[in-house]
Amino acid sequence: MSSQHDVRLIDGLAPGASPEPYLPAAGKTWLLPLYDPLTRLGGVRRRHARVVELAGITSGDRVLDLGCGTGNLALLVARSVPGTVVTGVDPDRASLEQAARKARRRRLPMTLVRGYGQAIPMPDESVDHVVSALALHHVDPDARAATAGEIRRVLRPGGTVTIADFSAPGDEHGSGGHGSGGHGASRHGRRRTYGHNSRHALAEGNGDGGLVQLLTGAGLVGAAEVDHDRIAGSALVYVQAHRP
Ligand SMILES: C[S@@+](CC[C@H](N)C(=O)[O-])C[C@H]1O[C@@H](n2cnc3c(N)ncnc32)[C@H](O)[C@@H]1O
């Protein structure tokens, strides 16, 4: 029997489908235990709070946290706006398991689904809000337009997407933080460094209105950079748009 505190962990990948490569939260799977302590120290929680504030989520809203990782933004939504129906999507099973453990401990109901931004395992027009923090720069550049299209597809008409992500211009190639030290392989097999100056490379295209263009290109309207910040020496941009 289900209860209002249910936490569900679902594999959203098609049966038999071989998972595509992806860049996990801390760059390498074995570094995942460091992710929460490092991001806590780096002040990521405050940026999550800003996303929630900008999104204007109200009780009863259905909210998707895309690239939810260990679930901190999804947990914040569930805790700060009681009555929301929260779903987190991420390709990394270990991160989702950690998110589920935290949600159960805190008695915060949510659904965590293994899946990719470029193929969100959710029905059309099924959410009022998409929120996402520090995740789009992890998506393969070739898959970012498809991811924006998927955001549009799952949003109901009038729904809102609110994204916080690194933006390359002004980036000081910051060291430390969540991304140091690993490597990721793109779908096409080329290696991407994920080391000292990699955040800049991965966020290339996000700055100078890049995220606004990405969302506009997917048919979202009113896309705008609504705030700017810096974190761990890197520029951060908050972008918002709506489904017409
Ligand atoms: C830096 S972490 C951010 C996690 C979380 N949003 C936060 O703010 O702490 C980036 C996340 O993006 C996820 N990711 C990588 N490729 C993805 C894709 N194609 N679609 C969705 N998420 C992806 C990673 O697994 C990782 O959990």
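Because the structure is a prediction, the values reported are computed rather than measured.

Parameters and conventions
Residues numbered from 1 in each chain as written. Predicted model: local features only at pLDDT ≥ 70, side-chain atom pairs only at ≥ 80, totals over all residues. Buried ≥ 20, exposed ≤ 12 C-beta atoms within 10 Å, placed from the backbone. Helix = DSSP H or I, 4+ residues; strand = E, 2+ residues; numbered from the N terminus. Pairing = 2+ DSSP bridges. Right-handed = clockwise from strand over helix to strand, strands pointing away. Core = buried A, V, L, I, M, F, W, Y, C linked by C-beta atoms within 7 Å. Contact = placed C-beta atoms within 7 Å. Near = placed C-beta within 6 Å. Nonpolar A, V, L, I, M, F, W, Y, C, P; charged D, E, K, R; others polar. Axes fitted to C-alpha atoms, helices over the stretch in contact; angles between N-to-C directions.

Caption draft 1: Structural detail: the pairing of strand 6 (residues 155–166). Along strand 6, nine of the 12 residues are buried, which leaves the element largely enclosed by surrounding structure. The sheet contact formed by strand 5 (residues 127–133) and strand 6 spans six bridges and is parallel. Bridge pairing in strand 6 places Val130 opposite Val161. Crossover strand 5 to strand 6 through helix 5 (residues 144–154) is right-handed. Judged from the seven bridges that link them, strand 6 and strand 10 (residues 234–242) form a sheet pairing that is antiparallel. In the sheet register, Asp165 faces strand 10, and the bridge partner there is Val237.

Caption draft 2: Local environment of the nonpolar core. By size, the foremost hydrophobic cluster in this structure holds 57 residues, and its most contacted members are Ala74, Val77, Val130 and Leu215. Excluding anything up to four places from it in sequence, Leu215 contacts Ala148, Val161, Leu220, Ala223, Val239 and Ala241.

Caption draft 3: Expanded view of the site of the ligand. Near the ligand, the surroundings consist of 26 residues, among which Gly67, Gly69, Gly117, Ala133 and His138 are the closest. By residue class, the composition of the shell around the ligand is 15 nonpolar, nine polar and two charged.

Caption draft 4: Up close: the environment of Gly117. Here Gly117 is to be found in the loop between strand 4 (110–114) and strand 5. Sequence separation between Gly117 and Leu66 is 51 residues; the distance between their C-alpha atoms is 6.7 Å. When sequence neighbours within four positions are dropped, the list of residues in contact with Gly117 reads Leu66, Gly67, Val139, Thr147 and Glu150.

Caption draft 5: Main features of the sheet that holds strand 1 (residues 7–11). Strand order in this open sheet of eight strands is 1-4-3-2-5-6-10-9, and the pairing throughout is mixed. Both edges of this open sheet fall to strand 1 and strand 9 (221–231), since each of them pairs with a single strand only. On average, each strand axis in the sheet is inclined to that of its neighbour by 15°, with strand direction left out of account. Relative to strand 4, strand 1 runs parallel, the two sharing five bridges.

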